[in-house]
Amino acid sequence: MNEERRLSKADRVGMYMSVGLVVVGAVMAIIDAVRRLKAVGDGTNVPVQVPLIGETASLPLGPDGAPVTATVDTATVIVANPAAATEFALYAQPIWQALFVCAGLVVAAIFFLRVARGHAFSRGAVRLVYGAVAIVAVGWVGTSILTNMTTNGALSAISEYTYDSILFEVSLTPMLGILLLGAVAGALDIGERLQRDTEGLV
């Protein structure tokens, strides 16, 4: 059985360019993590962006800087001395996010290389996509937990535990990515089976 289906030169170049973009993405993820860790510094006076619900503030947005009442959805606060759990999350969140992003990008690069070599409809390609689904799911859950530990810990610290709002925000965007990757894996699985059955008839 020969599962290799050679792409055109232009398509192979496109796949290799995609690998290059993956490398750029990984470097950017690492740079972003380093930048955040520098902002965390020694764990004192750490800027933290926190979500707010139903809060208003007067902002100088009117004519000549006149105050205008506005609804505030997010705010950046300075946490002087975060609790131990919050401090852990402040360090762990950027590291975790960079790790799972880089892991997903490595899987993507391997997949693009397989496609460039004509091995799109293969068990290896299907396993790579399912692996990407697992990475996105685990990364999503971990990032959500650490981010919420950070934001709730920051609000508790600056209010001395008197701000009565425990938030747990979850972005549903990764869920869409999981569904799309699952659909791709299913399509590749079907394609691999059809290819195998077709070649068995030759």
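Q: What should I look at first to understand the overall build of the protein chain in this one?
A: For the protein chain, the count of helices and strands is four helices and two strands. Each helix and strand of the protein chain, placed in order from N terminus to C terminus, yields the pattern α-β-β-α-α-α. Against the compact-globule benchmark of 17 Å for 202 residues, the protein chain has a radius of gyration of 23 Å, which places it well outside the compact range. Principal axes of the C-alpha set define a box for the protein chain whose edges measure 75 × 45 × 25 Å. In the protein chain, the proportion of contacts linking residues at least 24 apart, taken out of those at least 6 apart, comes to 74%.

Q: Quick question: what am I supposed to make of helix α1 (residues 9–40) here?
A: Side chains three or four residues apart in an α-helix point the same way, a direct result of the helix having 3.6 residues per turn. Taking 1.5 Å of rise per residue, the 32 residues of α1 would be expected to cover 46 Å, and the 47 Å separating its terminal C-alpha atoms lies within 8% of that figure. All of the buried residues in α1 are Ser18, Val19, Val22, Ala26, Ala29, Ala33 and Val40. If you follow the buried residues of α1, they end up packed against β1 (46–59) and α2 (84–116). Glycine 41 sits one or two residues past α1 and shows a positive phi near 60 degrees.

Q: Looking at this structure, how should I read the environment of alanine 109?
A: Relative to the helices and strands, alanine 109 resides in helix α2. With 77 residues separating them along the chain, alanine 109 and glycine 186 place their C-alpha atoms 19 Å apart. Once residues lying within four places of it in the same chain are set aside, the contact partners of alanine 109 are Val19 and Val22.

Q: Can you help me understand unusual backbone geometry in this one?
A: Trans is the common state for peptide bonds, and a negative phi is the common state for residues other than glycine. Its identity is not glycine, yet asparagine 45 carries a phi of approximately 50 degrees, on the positive side. One can find asparagine 45 in the loop between α1 and β1. A positive phi angle is found at aspartate 64, which is not glycine, with a value near 55 degrees. Here aspartate 64 shows up in the loop between β1 and β2 (68–79).

Q: Hey, could you run me through the side chain of threonine 143 in this one?
A: Among the structural elements, threonine 143 can be located in helix α3 (residues 123–159). When its relative accessible area of 15% is taken as the criterion, threonine 143 is described as buried. Setting aside residues up to four positions removed in sequence, threonine 143 forms contacts with Gln93, Trp96, Gln97 and Phe100.

Q: Please explain α3 as it appears in this structure.
A: Over its 37 residues, α3 runs 54 Å from end to end, which matches the ideal 54 Å to within 8%, given 1.5 Å per residue. Downstream of α3 by a residue or two, glutamate 160 has a phi angle that is positive, lying close to 55 degrees.

Reading the values: the criteria
- Residue indices begin from 1 for each chain and proceed along its sequence in written order.
- Two thresholds apply to this predicted model, a pLDDT of at least 70 for residue-level local features and 80 or more for giving and counting side-chain atom pairs, whereas whole-chain, interface and lining totals are computed over all residues.
- With hydrogens and water excluded, all non-hydrogen atoms of the structure serve as input to the side-chain values.
- Strands are runs of DSSP state E lasting at least 2 residues, helices are runs of H or I lasting at least 4, and numbering of each runs from the N terminus.
- Radius of gyration: over C-alpha atoms. The globule rule applied is 2.2 Å multiplied by the number of residues raised to the 0.38 power.
- In what follows, a contact means two residues having at least one pair of non-hydrogen atoms within 4.5 Å.
- For a helix, the expected span equals 1.5 Å multiplied by the residue count minus one.
- Only protein chains enter the accessibility calculation, which uses a 1.4 Å probe; a residue is then buried when its area is under 20% of its type maximum, exposed when over 50%, and partly exposed in between.

Honestly, that's just the spatial picture; any functional story needs more than this.
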